[in-house]
Amino acid sequence: MNKQIFAIGLAMFFINTIHAQPTQQRVPNPVIEKQEEKKSSAVDLVFNPDHTITTNHTVTIKGKPIPYKAVTGTLPVWDENGKAIAGLFFVYYERTDIKDKANRPLTVSFNGGPGSASVWMHIGYTGPVLLNIDDEGYPVQPYGYTQNPESILDATDIVYVDPVNTGYSRIVGNAPKDKFFGINADVKYLGDWVNSFVTRYDRWASPKFLIGESYGTVRVSGLALELQQSHWMYLNGVVLVSPTDLGIERGTATGAALWLPYYAATAWYHKKLPQDLQQKSLTAMLPEVEQFTMNELIPALNKGSLLTDADKQKLASRMARFSGLPEKVILQNNLSISTNLYWKELLRNEGFTVGRLDSRYKGIDKRDGGERPDFNAELTAWLHSFTPPINMYIRNELNYKTDITYNMFGNVYPWDNENNRTGESLRQAMATNPFLHVLVQSGYYDGACDYFNAKYNMWQMDPSGKLKSRMSWEGYESGHMMYLRKVDLKMSNEHLREFIRKAIPKAGTPAMY
């Protein structure tokens with residue numbers, strides 16, 4: 001999976017979509033309190049790294065009206081000499097009927113890429129508005145948005161942050177790109193920025209949470225330790241939505257074996273399993289596959305050529321039973337089935353491919369032959385649905401007006417992907433902060449950041465089991481963005497509320513073992 005971070009990132013440029021109701025509700029007109037935007041020249045676009053607009057709104061969550069203000073704009077990244085080298089675009093939602101910030105949580109939200117804006121979870125998951133899609137996550141027209149009745153704004157204030165070159169965030173002047181574009185550089189400057197934000201908006205007393213999706217899980221895992229070590233800022237919780245491998249090594253054989261439970265989930269959805277497995281529920285079927293993967297398949301694949309032909313045949317038979325693929329295909333590939341081959345092969349005889357980020361989706365290739373799909377089927381269903389609404393929403397509801405392009409995904413290359421130890425950073429942050437909890441959320445049909453590798457991360461991060469009581473995992477019968485399905489939008493947000501409540505200790509509780 002370590003090699004797939006960029007592939008995952010590229011996909012996340014396009015994704016993390018939305019959810020909506022069949023009819024659009026008008027979000028109340030904003031009440032503008034302040035405007036500090038500098039007018040641009042008639043000829044040249046001028047980027048101001050430090051200006052904001054504040055508007056007031058109300059959203060109904062779980063039947064209760066929640067008043068809030070939205071602060072939309074930019075806040076600088078300063079270098080060691082106090083010079084602004086970038087301006088990060090953000091949208092900050094603060095509930096206005098609660099004045100006690102010491103007991104009001106703050107959640108900082110990042111998406112992936114690494115060159116992706118925070119739009120996806122912002123208007124698709126946790127924020128106060130949702131893009132229009134149907135109940136299963138498919139796009140609809142006309143484009144638009146509505147209130148999000150499942151938003152976590154009732155439980156926590158939220159700031160959505162766009163890293164450099166995403167959204168409206170930009171480098172200032174000739175600041176070197178290597179200050180921003182790399183695993184560790186990214187964590188460093190975002191840590192500085194979070195410190196600046198917390199200070200400017202007076203949130204030092206608040207319980208603090210980070211949430212990241214896809215490559216965003218690399219960000220927040222690294223930030224958990226960076227904030228502790230460099231800014232003396234201790235968190236209550238980190239949420240990993242569809243996590244990458246976080247730099248935790250698998251090895252070739254182990255990495256290949258770990259995909260089998262995802263293949264089984266996909267085969268179950270498309271009704272390609274034997275009847276005794278197919279008749280079970282998804283969550284009742286998967287434990288048998290997981291146990292086979294850990295106890296038999298991983299040891300066997302690590303033997304390589306030491307496996308006898310009889311052993312190979314036996315393993316191929318079991319893998320075919322669980323994956324929906326023919327034994328012949330499995331043997332032809334030495335028991336190691338790549339994800340691309342799986343997406344192409346499972347429904348080949350029916351003339352379809354399955355989606356990478358969500359294998360419930362089907363695609364049609366130019367030819368049925370080959371070893372990989374022509375395109376990611378799910379992306380064509382998502383791409384056109386969210387770009388118009390985010391531009392409409394920021395401009396018309398949040399009243400942030402600029403001629404600068406909102407980058408759904410931006411150029412962040414070359415990206416330094418070396419020395420990824422973010423999984424170990426998160427473990428260390430948990431070990432040194434008894435208050436820190438971790439929640440992992442995964443979709444069973446996600447073939448980019450699959451659910452079983454997410455579990456494997458947790459097992460390898462905490463081999464002693466001493467952190468187990470502060471780590472939890474939740475699975476959903478959808479893909480990379482589990483919240484696109486209406487039923488999972490409600491469930492996953494409720495899991496976030498429960499996690500936040502659990503991670504905040506009672507007043508006066510000491511941070512000690």
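Before going into details, it helps to say that this report is about the structure given with it. On a predicted model such as this, the values are computed, not experimentally measured, just so you know.

1. Some remarks on the overall build of the chain
Phase 1 of the analysis: Regarding its fold elements, the chain presents 15 helices and 15 strands.
Phase 2 of the analysis: Here the C-alpha atoms of the chain give a radius of gyration of 23 Å, agreeing with the 24 Å that 2.2 N^0.38 yields for 513 residues.
Phase 3 of the analysis: Expressed along its principal axes, the backbone C-alpha trace of the chain runs to roughly 75 × 55 × 50 Å.
Phase 4 of the analysis: A buried classification covers 60% of the 513 residues belonging to the chain.
Phase 5 of the analysis: If you sum the accessible surface of the chain, you get close to 20,300 Å²; carbon and sulfur atoms cover 51% of it.
Phase 6 of the analysis: Of the charged side chains in the chain, 54 are positive and 53 negative, and the gap between their average positions amounts to 2 Å.

2. Details of the pattern of salt bridges
Phase 1 of the analysis: A complete count under the given rule lists 24 salt bridges for this structure.
Phase 2 of the analysis: Between K272 and E350 there is a salt bridge, with its nearest N and O atoms 2.2 Å apart. Note that K272 is positioned in the loop between α6 (260-269) and α7 (275-278) and E350 in the loop between α11 (339-345) and β12 (353-354), a separation of 78 residues in sequence.
Phase 3 of the analysis: What makes K272 partly exposed here is its relative accessible area of 30%.
Phase 4 of the analysis: For D358, the salt bridge is made with R360, and the minimal N-O distance between the two is 2.7 Å.
Phase 5 of the analysis: Under the relative-accessibility criterion, D358 is labelled buried at 1%.

3. Let's talk about the pairing of strand β14 (residues 437-443)
Phase 1 of the analysis: Most of β14 is tucked away: seven of the seven residues are buried.
Phase 2 of the analysis: Neither face of β14 is left uncovered, since the one carrying H437, L439, Q441 and G443 and the one carrying V438, V440 and S442 both have all their residues buried.
Phase 3 of the analysis: The pairing of strand β11 (residues 237-241) with β14 spans five bridges and is parallel. Looking at β14, one finds that G237 is bridged to H437.
Phase 4 of the analysis: When β14 meets strand β15 (residues 471-476), the two strands line up parallel, connected through six bridges. Bridge pairing in β15 places S442 opposite G475.

4. Comments concerning the environment of L223
Phase 1 of the analysis: In this fold, L223 is placed in helix α4 (residues 215-231).
Phase 2 of the analysis: Owing to a relative accessible area of 0%, L223 belongs among the buried residues under this scheme.
Phase 3 of the analysis: Placed 203 residues apart in sequence, L223 and L426 show a C-alpha to C-alpha distance of 8.2 Å.
Phase 4 of the analysis: The residues contacting L223, other than those within four sequence positions of it, are F110, V187, L190, G191 and L210.

5. Some words on the nonpolar core
Phase 1 of the analysis: Formed by 99 residues in total, the largest nonpolar core has its most connected members in F90, V159, W193, F197, V238 and M285.
Phase 2 of the analysis: Per-element accounting of this core gives the leading share, nine residues, to helix α8 (residues 282-301).
Phase 3 of the analysis: Counting residues in hydrophobic clusters, the runner-up holds 57 residues, among them A70, Y168, V241 and M481.

6. Structural notes on the pairing of strand β5 (residues 106-110)
Side-chain positions along a regular strand alternate between the two faces of the sheet.
Phase 1 of the analysis: Counting buried positions over the five residues of β5 gives five, a clear majority of the element.
Phase 2 of the analysis: Burial along β5 is two-sided: L106, V108 and F110 facing one way and T107 and S109 facing the other are all buried.
Phase 3 of the analysis: Looking at chain direction, β5 and strand β8 (residues 157-161) are connected through four bridges and run parallel. Paired with T107 across the two strands is I158, which belongs to β8.
Phase 4 of the analysis: The pairing of β5 with strand β10 (residues 208-213) spans five bridges and is parallel. What sits directly across from L106, in β10, is K208.

Quick notes on the rules
- Residues numbered from 1 in each chain as written.
- Predicted model: local features only at pLDDT ≥ 70, side-chain atom pairs only at ≥ 80, totals over all residues.
- Heavy atoms only, no water.
- Helix = DSSP H or I, 4+ residues; strand = E, 2+ residues; numbered from the N terminus.
- Rg over C-alpha atoms; globule rule 2.2 N^0.38 Å.
- Buried < 20%, exposed > 50% of the residue type's maximum accessible area, 1.4 Å probe, protein only.
- Areas by Shrake-Rupley, 256 points an atom, 1.4 Å probe, with all protein chains shown as cover.
- Lys, Arg positive; Asp, Glu negative; His and termini not counted.
- Charge placed at Lys NZ, Arg CZ, Asp CG, Glu CD.
- Salt bridge = Lys/Arg side-chain N within 4 Å of Asp/Glu carboxyl O.
- Pairing = 2+ DSSP bridges.
- Contact = heavy atoms within 4.5 Å.
- Core = buried A, V, L, I, M, F, W, Y, C linked by side-chain atoms within 4.5 Å.

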